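Working through the structure, step by step
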Amino acid sequence: MLDFDQSCHRKHGFSLENKLVFSRKLYKQALTIARVVSPSQLAIVPSPDKEPVDPDQNHVAWTSVKQERWEGELVVQGEIPLWLKGTYLRNGPGLWHIEDYNFRHLFDGYATLVKLNFEDGRLIAGHRQIESEAYKAAKKNKKICFREFSEVPKHENFMAYVGDLSKLLSGSSLTDNANTGVVKLGDGRVVCLTETQKGSLVIDPNSLETLGRFEYSDSLGGLIHSAHPIVTDAEFLTLLPDLLKPGYLVVRMEPGTNERKVIGRVNCSGGPAPGWVHSFPVTQHYVVVPEMPLRYCAQNLLRAEPTPLYKFQWHPQSKAFLHVMCKASGKVVTSVEVPLFVTFHFINAYEEEDEDGRVTSIIADCCEHHADTSILDQLRLKNLRFFKGEDVLPDARVGRFKIPLDGSRNGKLEAALDADEHGRGMDMCSINPAYLGKKYRYAYACGAQRPCHFPNTLTKLDFVEKKAKNWYDEGAVPSEPFFKNGGGYALLLDGSTFKEIARAKLPYGLPYGLHGCWVPKK
């Protein structure tokens, strides 16, 4: 399940592809875990010796995992550095059907947690289904029981539908299927997340057992939050969209607590609802709150069948904005209009200073899809499962925003480097966490080798030289590089040269995964 983005800062990078790639410098020497790449073979119950190949079967990256859990030691070819000790966790949808019913969208699948444990040159791998209430109810009742990204429970009659709508307004019918990310809090707890607040689940990073819901002890309420909080050893920052009075609460939670405290509020500058905030960036002193014209839509949320934009609507007439809030005071120091944009993932942000040390502007980078919302529909499973060799992946770039702090009302958006450097595909970026909120040079991502229908390379971006190094293995689907075909394999690469250091074959293929984290050995 690991696929490596051979792009690592310095030494040895790591990635899970239904292939795993690993980069050797953890902390001092950047470690890059790329996530999952899956070659074109059946996902099967682990069998180290034989893996049947059906040429008509779709790529294993888009097939459901065949069993709830598995763990075993992998045979390593090469040598895993002895200093590498800890566990890489990766979360993502791994079960896309219930009984004979097949889900429609990549984001609908029930969460599968994967681990790679490194110690003393050995590699123990495993996976386990996250036992959310949505997953357990679906297994018990043999049908979807909660509202997923594009899926709605089927109602026997109109009154049942009305009853479901009332549950939707209270949030009880929303899924807790925590299939998006996994983070290690400053106090050591490990939490899997999705965009619903109820979908925050605590897990054991060793056994992968689901320990229970992460209950927020404050009274802030709300149904949704950013799927990607900013998490460090010192704090947890996230955004809570306000759907009734369009805006966002910026909140902080300290390690060891479950209480979120409000830093401040941002009011939307346009549109009928807040823009989707899947992620957001921070600098050392500021939180950047994006207001995208792809906005939450209550009407679409209530629909029994999905629209092309699912829970959202595109409102180009409402324009796009970036808001900058001071972390210390909660004051919004500027709100600027920017060109229309569409992004899932911000990469990083930092402050620019003049010769006297005064902050003059903020730079914020993201994986930007040229304000093209078609990327959402491209992630329908039927599109991913049947690639005909045509180049259908929508173009993307590293979008670089420049936000002036001189009172100007407009910001800029341009490409940080020529998009042809990474095949005009760009998503799932990560950086060396030591540079969070600071000026940085390198990022690691998934790019494209055309023709393709999904990002299929691991890419190291150099924003100083404005160049990219790309790693590509035909038939592999890499997932997010993390700094630090049938069957998958873990691939350990030198982050500077991309030279292979070691690899370990997984005995079965794993579905595509989304995001991960590193849990160091204590």
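Computed from a prediction, not measured in an experiment: that's the story for all the values here. (Residues numbered from 1 in each chain as written. Predicted model: local features only at pLDDT ≥ 70, side-chain atom pairs only at ≥ 80, totals over all residues. Heavy atoms only, no water.)

1. So, the sheet that holds strand β11 (residues 190-193)
With respect to topology, 4 strands assemble into an open sheet ordered β10-β11-β12-β13, the strand pairing being antiparallel. The strands lining the two open edges of the sheet, one partner per strand, are β10 (181-184) and β13 (210-213). Within the sheet, the average angular offset between the axes of one strand and its neighbour, ignoring direction, is 30 degrees. Strand direction decides the pairing type here: β11 and strand β12 (residues 201-203), joined by 3 bridges, are antiparallel. If you follow Val 190 over to β12, its bridge partner there is Ile 203. (Pairing = 2+ DSSP bridges. Helix = DSSP H or I, 4+ residues; strand = E, 2+ residues; numbered from the N terminus. Axes fitted to C-alpha atoms, helices over the stretch in contact; angles between N-to-C directions.)

2. Overview of the environment of Lys 331
Along the chain, Lys 331 falls in the loop between β21 (320-326) and β22 (332-338). Residue class for Lys 331 comes out exposed when judged on its relative accessible area of 56%. Residues Lys 331 and Val 266, 65 residues apart in the sequence, show an inter-C-alpha distance of 9.0 Å. Dropping the residues within four chain positions of it, Lys 331 is found in contact with Val 324, Met 325 and Cys 326. (Buried < 20%, exposed > 50% of the residue type's maximum accessible area, 1.4 Å probe, protein only. Contact = heavy atoms within 4.5 Å.)

3. Notes on the pairing of strand β8 (residues 110-119)
Of all 10 residues making up β8, 8 are buried, and the element is well covered by its neighbours. Across 9 bridges, the pairing between strand β5 (residues 86-95) and β8 is antiparallel. Paired with Thr 87 across the bridge in β8 is Asn 117. Direction of pairing for β8 relative to strand β9 (residues 122-129): antiparallel, over a ladder of 8 bridges. Directly across from Val 114, in β9, lies its bridge partner His 127.

4. Some remarks on the side chain of Asp 365
Structurally, the position occupied by Asp 365 is in strand β24 (residues 359-368). Polar contacts involving the side chain of Asp 365 include one to the side chain of Tyr 440, which spans 2.6 Å. (Polar contact = N/O pair within 3.5 Å; in protein donor to acceptor, adjacent residues only side chain to side chain.)

5. Examining helix α1 (residues 133-141)
Of the positions making up α1, those classed as buried are Ala 134, Tyr 135, Ala 137 and Ala 138. Angularly, the buried residues of α1 cover 165 degrees about the axis, an arc narrow enough to put them on a single face. Lining the buried residues of α1 we find β5, β6 (97-98), β8 and β9. Looking at the residues trailing α1, positive phi occurs at Lys 142, about 60 degrees. (Arc of directions from axis to C-beta.)

6. Quick look at the packing of aromatic side chains
Scanning the entire structure with this criterion turns up 18 aromatic pairs. Ring plane angle 35 degrees and centroid distance 6.2 Å describe the contact between Phe 118 and Trp 518, whose orientation is recorded as tilted. Both residues of the pair, Phe 118 and Trp 518, belong to the buried class. Look at Trp 276 and Phe 312: their rings are 4.4 Å apart centre to centre, the planes differ by 25 degrees, and that puts the pair in the stacked class. Residue Trp 276 is located in the loop between β17 (260-267) and β18 (286-291), and its partner Phe 312 is located in strand β20 (residues 312-314); the two are separated by 36 residues in the primary sequence. Of the two residues, Trp 276 and Phe 312, both sit in the buried class. Sitting above the plane of the Tyr 216 ring, Arg 260 keeps its charged end 4.1 Å from the centroid. Seen from the ring of Tyr 442, Lys 460 lies directly overhead, with NZ or CZ sitting 4.5 Å from the centre. (Phe/Tyr/Trp six-rings, centres within 6.5 Å; stacked < 30°, edge-to-face > 60°. Lys NZ or Arg CZ within 6 Å of the ring centre and 35° of its normal.)

7. Brief notes about the sheet that holds β17
Taken in spatial order, the 4 strands of this open sheet run β14-β15-β16-β17, and their pairing is antiparallel. In this open sheet, the two strands that pair with only one neighbour each are β14 (230-231) and β17. In the sheet, strand β15 (residues 236-242) pairs with strand β16 (residues 247-253) via 7 bridges, with the strands oriented antiparallel. By the bridge assignment for β16, Leu 239 is matched with Val 250.

8. Side note on the pattern of salt bridges
Counting across every chain of the model gives 29 salt bridges. In this structure, the salt-bridge partner of Glu 465 is Arg 441, at a minimum N-O distance of 3.8 Å. You can see Glu 465 sitting in the loop between β29 (457-462) and β30 (467-472) and its partner Arg 441 sitting in the loop between β27 (427-430) and β28 (442-447), a full 24 residues away along the chain. (Salt bridge = Lys/Arg side-chain N within 4 Å of Asp/Glu carboxyl O.)

9. Section: the UniProt feature "binding site: Fe cation" (unreviewed entry) in the chain
Within the UniProt annotation, "binding site: Fe cation" (unreviewed entry) is assigned to His 228, His 278, His 345 and His 515. Position of His 278 relative to the elements: it lies in the loop between β17 and β18. If we skip the residues at most four places from it in the chain, His 278 touches Thr 180, Glu 195, Ser 226, Ala 227, His 228, Phe 344, His 345 and His 515. Its location among the elements puts His 515 in strand β33 (residues 515-520). The class of His 515 is buried, set by a relative accessible area of 6%. Within the structure, the side chain of His 515 is placed 3.1 Å from the side chain of His 345, a separation counted as a polar contact. (UniProt positions renumbered as here; feature names shortened; annotations may be inferred.)

10. Observations regarding the side chain of Asp 176
Along the chain, the position of Asp 176 falls in the loop between α2 (158-170) and β10. When its relative accessible area of 1% is taken as the criterion, Asp 176 is described as buried. Reaching out from Asp 176, the side chain makes a polar contact with the backbone nitrogen of Glu 133 at a distance of 2.9 Å. Within the structure, Asp 176 has its side chain in polar contact with the backbone nitrogen of Ala 134 (distance 2.9 Å). Ignoring anything within four residues of it in the chain, the contact list for Asp 176 reads Ser 132, Glu 133, Ala 134, Thr 196, Lys 198, Gly 199, Leu 201 and Arg 213.

11. A few points about unusual backbone geometry
Looking along the chain, the bond that leaves Arg 450 and enters Pro 451 is cis, with omega of -5 degrees. The topology assignment puts Pro 451 in the loop between β28 and β29. Its identity is not glycine, yet Lys 142 carries a phi of approximately 60 degrees, on the positive side. With respect to the helices and strands, Lys 142 occurs in the loop between α1 and α2. Residue Lys 142 is classed as exposed on the basis of its relative accessible area, which comes to 52%. In the Ramachandran plot, Lys 466 falls in the positive-phi region, its phi being about 55 degrees despite a non-glycine side chain. For Lys 466, a relative accessible area of 44% puts it in the partly exposed group.

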